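Structure at a glance
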Amino acid sequence: MKVLNKKNIFTLIIIIAIYALVQLLLTTGTISSFYEITIATICINIILAVSLNLVTGFTGQFSLGHAGFMSIGAYAGALINMSMKSTSGFLAGILIGAIAAAIIGVLIGIPTLRLKGDYLAIATLGMAEIIRVVFLNMEITNGAAGLNGIPRFTNWTWLYLFTALTIVLINNFVRSSQGRACISIREDEIAAESMGINTTKYKVMAFAIGAAFAGVAGALYSSYFYFINPTMFGFQKSIDILVIVVFGGLGSITGSVIAAVLLAVITTMLQSFSSLRMIIYALLLVIIMLFRPQGLLGTKEVTDLFKFRRNEKVE
Amino acid sequence: MSLLTVEKLTKSFGGLTAVSNANMHIDKGELVGLIGPNGAGKTTFFNLLTGVYEPTSGSIKLDIDGEQTEIAGFKPNNVTKVGLARTFQNIRLFKDLSVLDNIRIAMHQNIDYRLPSALFRSNKYYEEEERLRKEAEELLDIFDLSHKKDEMAKNLPYGEQRHLEIVRAMATKPVLLLLDEPAAGMNPNETVHLTKTIAKIRDEFDLTVLLIEHDMSLVMKICERVYVLDYGTMIASGKPEEIKNNKRVIEAYLGEDV
Ligand SMILES: Nc1ncnc2c1ncn2[C@@H]1O[C@H](COP(=O)(O)OP(=O)(O)OP(=O)(O)O)[C@@H](O)[C@H]1O
Ligand SMILES: [Mg+2]
């Protein structure tokens, strides 16, 4: 098993250590239940941002419809979990939510991903609106009132598990040949095609994987907050996710993670200045974009910081 | 044996016919030049061969394992798959990626693992990535670029960027290599190096090459046969010395200056 190399084992140890640390803080009560919601938000936002980053940051396809895929996972997860009130029902909900979102992702991706830039953004926005309107008008989803009393199975352990899984799998993907194919599309689509890359295939692949993980985030969300309705997954939500991705850096997974944490912490801290909150938040984004338009990390990863010495020119 | 046969190839952009009823045939192992004044339709001709544009009419046949196969209208990635590779007049490297990644992307079609292997890092993933890296480094080594493999493509000097584009095209394992003005913007030293590289490609890789070039002396020196395009029409073809003395060619080029 080549996967058991030093680097991967080291990563695994870090993943477990972070889990143990937060778990400890939770059991000792150092993190109060008020902040538990912040932690849940962080995890869900990381999953959403990292998966959108695959589409927008790595593959270069500007999508404004990520919340649409999230809502598919949220409704699928909630409906399954409500009729199967058990952990296996919860996990089945996540799985089916992810698959459903991926399928819709493929169906939406094939026609829209021919478009570029602004046109694609508008098309994905429209598609997400259509998904929202469908949920608004379906009987099984209870229309505008939404679904209530969804059993809560999402807890810190599951949140962390799925967040880590998302980061690891998407990181693996972007560091594979398929991932490089996606990145080449972002860099120069015409050159990519001419180097034998089936650009449509890889755009749709990135879109479907991104949608699947957004579905996971949605299912976790509905099972944590008991309650969902279509307005939660509107345009505003898609923008919120995009803000995290741009803030952290298009094409940086660790950037998305750091941005999700920072923005959640800032939002929590500003809770007591409720009226000023949105202004300060918006101002902060404007300042970041003015002084660091490539986002906190650009396309670099935190791990690249440790590679400095090896790449130094020796002449 | 004819490797590429182009017949009556035509491309119109609205009212403008950029390539008009052009014919060309290339035998295996030849080094053929394509020349013509500015705006003659040379790049458009390449874009038709490589599927970037769909021809308005005409046929492009490529010998694939002894069979003449029509490739007109193929998508660019499928044209590459059957063995045509190209460079671009205005360099189109993956600028923000490393030299090594530029090559590895071009080798993607040879990779032998699928999505699940990529996501879950199976043994096959590690084996194939190892093989890919080795092959890419070997190729860079042959063209004296291996010491730059970790540099970003955009940080290479201009001449090396042009070189890297050729090496990247080679990484797709082509049978026919199309070079669009590879010497454009190069200084005399870089041009000499380029000439050597093209010779190397033919000798060591047994490749057929079609080359667009403005630099007449370069074409006359290295090409065995030359085609001349003017206003989208092939006005002449033949050995370099024949072309040099062809009346229509002289007129086309003089006409440009007058
Ligand atoms: N996509 C396009 N749409 C409209 N016109 C085009 C397009 N591509 C090329 N043309 C026109 O076709 C003609 C031939 O252009 P092309 O680029 O093929 O010439 P060229 O021989 O490569 O010239 P140069 O030596 O300057 O590179 C030009 O008049 C050009 O403006
Ligand atoms: Mg040209």
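Anyway, here's the lowdown on the structure attached to this text. (Residues numbered from 1 in each chain as written. Chains lettered and ligands numbered in written order. Predicted model: local features only at pLDDT ≥ 70, side-chain atom pairs only at ≥ 80, totals over all residues. Heavy atoms only, no water.)

Regarding the overall build of chain A
Scanning chain A from N- to C-terminus turns up 13 helices and zero strands. Listed by position from the N terminus, the elements making up chain A come as α-α-α-α-α-α-α-α-α-α-α-α-α. On C-alpha atoms alone, chain A measures out to a radius of gyration of 20 Å, which is about the 20 Å that the 2.2 N^0.38 rule sets for 315 residues. Dimensions of chain A, computed from the C-alpha atoms along their principal axes, are close to 65 × 50 × 50 Å. Pairs at least 24 apart in sequence give 81% of the contacts found in chain A among residues at least 6 apart. For chain A, the accessible surface area stands at approximately 14,900 Å², while carbon and sulfur atoms represent 71% of it. Here chain A contributes 21 positive and 13 negative side-chain charges, whose respective centroids are spaced 7 Å apart. (Helix = DSSP H or I, 4+ residues; strand = E, 2+ residues; numbered from the N terminus. Rg over C-alpha atoms; globule rule 2.2 N^0.38 Å. Contact = heavy atoms within 4.5 Å. Areas by Shrake-Rupley, 256 points an atom, 1.4 Å probe, with all protein chains shown as cover. Lys, Arg positive; Asp, Glu negative; His and termini not counted. Charge placed at Lys NZ, Arg CZ, Asp CG, Glu CD.)

Examining the packing of helix 2 (residues 33-58) of chain A against helix 11 (residues 253-269) of chain A
Residues and elements named next belong to chain A. Between helix 2 and helix 11, whose axes approach to 8 Å, the crossing angle comes to 145°. Taken as a pair, helix 2 and helix 11 cross one another with a handedness that is right-handed. Of the residues in helix 11, those touching helix 2 at Phe34, Tyr35, Thr38, Ile42, Asn45, Ile46, Ala49, Val50, Asn53 and Phe58 are Ile253, Ser256, Val257, Ala260, Val261, Ala264 and Thr268. Of the residues assigned to the contact of helix 2 with helix 11, the class counts are 12 nonpolar, five polar and no charged. (Axes fitted to C-alpha atoms, helices over the stretch in contact; angles between N-to-C directions. Left-handed = near helix turned anticlockwise from the far one by under 90°. Nonpolar A, V, L, I, M, F, W, Y, C, P; charged D, E, K, R; others polar.)

Remarks on the site of ligand 1
Residues and elements named next belong to chain B. The environment of ligand 1 is made up of 14 residues, and the closest members are Gly39, Lys42, Thr43, Thr44 and Gln89. One of the side-chain nitrogen or oxygen atoms of Lys42 is found 2.8 Å away from an oxygen atom of ligand 1. Between ligand 1 and the protein, one listed contact pairs an oxygen atom with a side-chain N or O atom of Glu181 at 3.5 Å. When the free accessible area of ligand 1 is taken as 640 Å², the share hidden by the protein chains comes to 64%. (Near = heavy atom within 4 Å. Polar contact = N/O pair within 3.5 Å; in protein donor to acceptor, adjacent residues only side chain to side chain.)

Let's talk about the pairing of strand 7 (residues 176-180) of chain B
Residues and elements named next belong to chain B. Burial within strand 7 is extensive, with five of its five residues counted as buried. Alternating residues of strand 7 divide into Leu176, Leu178 and Asp180 and Leu177 and Leu179, and every residue in both groups is buried. By the bridge criterion, three bridges tie strand 6 (residues 84-86) to strand 7 in an arrangement that is parallel. The partner of Arg86 across the bridge, within strand 7, is Leu178. In this sheet, strand 8 (residues 208-212) lies alongside strand 7 in parallel orientation, the contact comprising five bridges. Among the inter-strand pairings, Leu178 is bridged to a residue of strand 8, identified as Leu210. With respect to chirality, the unit in which strand 7 leads through helix 7 (residues 188-205) into the neighbouring parallel strand 8 is right-handed. (Buried < 20%, exposed > 50% of the residue type's maximum accessible area, 1.4 Å probe, protein only. Pairing = 2+ DSSP bridges. Right-handed = clockwise from strand over helix to strand, strands pointing away.)

Observations concerning helix 1 (residues 6-27) of chain A
Taking 1.5 Å per residue as the helical rise, helix 1 of chain A with its 22 residues ought to reach 32 Å, and the 31 Å between its terminal C-alpha atoms agrees with that figure. Gly29 of chain A sits one or two residues past helix 1 of chain A and shows a positive phi near 80°. (Expected span 1.5 Å × (residues − 1).)

Things to note about the pattern of salt bridges
Using the criterion set out here, one finds 24 salt bridges over all chains in the structure. The residue Asp206 of chain B makes a salt bridge to Lys28 of chain B at a minimum N-O spacing of 3.8 Å. Placement of Asp206 of chain B in the loop between helix 7 and strand 8 and of Lys28 of chain B in the loop between strand 2 (16-27) and strand 3 (31-35) is noted, with a sequence separation of 178 residues between them. Here Asp150 of chain B makes a salt bridge to Lys149 of chain B, at a shortest N to O gap of 3.7 Å. The partly exposed category is assigned to Lys149 of chain B, whose relative accessible area is 22%. Taken together, the shared-partner salt bridges connect Arg180 of chain A together with Asp101, Arg104 and Glu129 of chain B into one network. (Salt bridge = Lys/Arg side-chain N within 4 Å of Asp/Glu carboxyl O.)

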